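Notes for the structure review
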Amino acid sequence: ALSQAWAPVSNRPFRQATSLNAASIWYSTSTGNTETIAGYIAEASGLSANDIGDATADEISGADALIVGAPTWHTGADEQRSGTSWDDWLYDALPNLDLEGKKVAVF
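Residues numbered from 1 in each chain as written. Predicted model: local features only at pLDDT ≥ 70, side-chain atom pairs only at ≥ 80, totals over all residues. Heavy atoms only, no water.

**So, the confidence of the model for the protein chain**
Put simply, the protein chain has an average pLDDT of 84, and 80% of its residues get 70 or more. Mean pLDDT in the protein chain bottoms out at helix α3 (residues 85-93), which sits at 90, and peaks at strand β2 (residues 49-51), which reaches 97. (pLDDT = per-residue confidence, 0-100. Helix = DSSP H or I, 4+ residues; strand = E, 2+ residues; numbered from the N terminus.)

This is the structure in structure tokens:
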């Protein structure tokens, strides 16, 4: 058909490589919603979604970009307010990492 004459033809899969190849997805969740969104992003990007509570300093520092998801749940506490693994990571791990220049997307 004439409409197909202008369609690009490719004999390979659509996505060979992306700038996300060196990115990583990290999340923690209170009710499961953040984990669900992390799963959607992982599926769309071809990356794995990981709980921040399982992260090592090398995994975070070694990624060119970070895609991070945190719940908006607030426990009312004065510190460590989300009640998730993010609390420990933000207070204990993050201050010891050099993330200068790292690209970060938040959901």
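Here the narrative resumes.
**What about the side chain of D87?**
Mapped onto the elements, D87 comes out in helix α3. Residues in contact with D87, not counting those within four places in the same chain, are Q80, R81 and S82. (Contact = heavy atoms within 4.5 Å.)

**Let's talk about the environment of T29**
Inspection of the secondary structure assignment puts T29 in the loop between β1 (23-27) and α1 (33-45). Remark: the alpha-carbon pair of T29 and W86, spanning 57 residues in sequence, is separated by 8.8 Å. Ignoring any residue separated from it by four or fewer positions in sequence, one finds T29 in contact with T34, E35, P71 and T84. Only 2.8 Å separates the side chain of T29 from the backbone nitrogen of G32, close enough to count as a polar contact. (Polar contact = N/O pair within 3.5 Å; in protein donor to acceptor, adjacent residues only side chain to side chain.)

**Quick look at the nonpolar core**
Among the nonpolar cores identified, the biggest contains ten residues, and these are W26, I52, A55, I60, A63, L66, V68, W86, W89 and L97. Beyond its immediate chain neighbours, meaning those up to four positions away, A63 contacts A22, S24 and K102. Counting residues in each nonpolar core, the second largest holds eight residues, with A23, Y27, A38 and A42 among its members. (Core = buried A, V, L, I, M, F, W, Y, C linked by side-chain atoms within 4.5 Å. Buried < 20%, exposed > 50% of the residue type's maximum accessible area, 1.4 Å probe, protein only.)

**Focus on α1**
In this model α1 runs 18 Å from its N-terminal to its C-terminal C-alpha over 13 residues, within 8% of the 18 Å that 1.5 Å per residue would give. Contacts from the buried residues of α1 go to β1, β2 and β3 (65-69). Looking one or two residues beyond α1, the residue adopting positive phi is G46, at roughly 80°. (Expected span 1.5 Å × (residues − 1).)

**A few points about the packing of aromatic side chains**
Evaluation of the coordinates by the stated rule reveals one aromatic pair. Taking the centre distance of 5.5 Å and the plane angle of 85° together, the rings of W86 and W89 count as edge-to-face. With W86 and W89 both in helix α3, this residue pair falls three residues apart, about one helical turn. By relative accessible area, W89 is classed as buried at 11%. (Phe/Tyr/Trp six-rings, centres within 6.5 Å; stacked < 30°, edge-to-face > 60°.)

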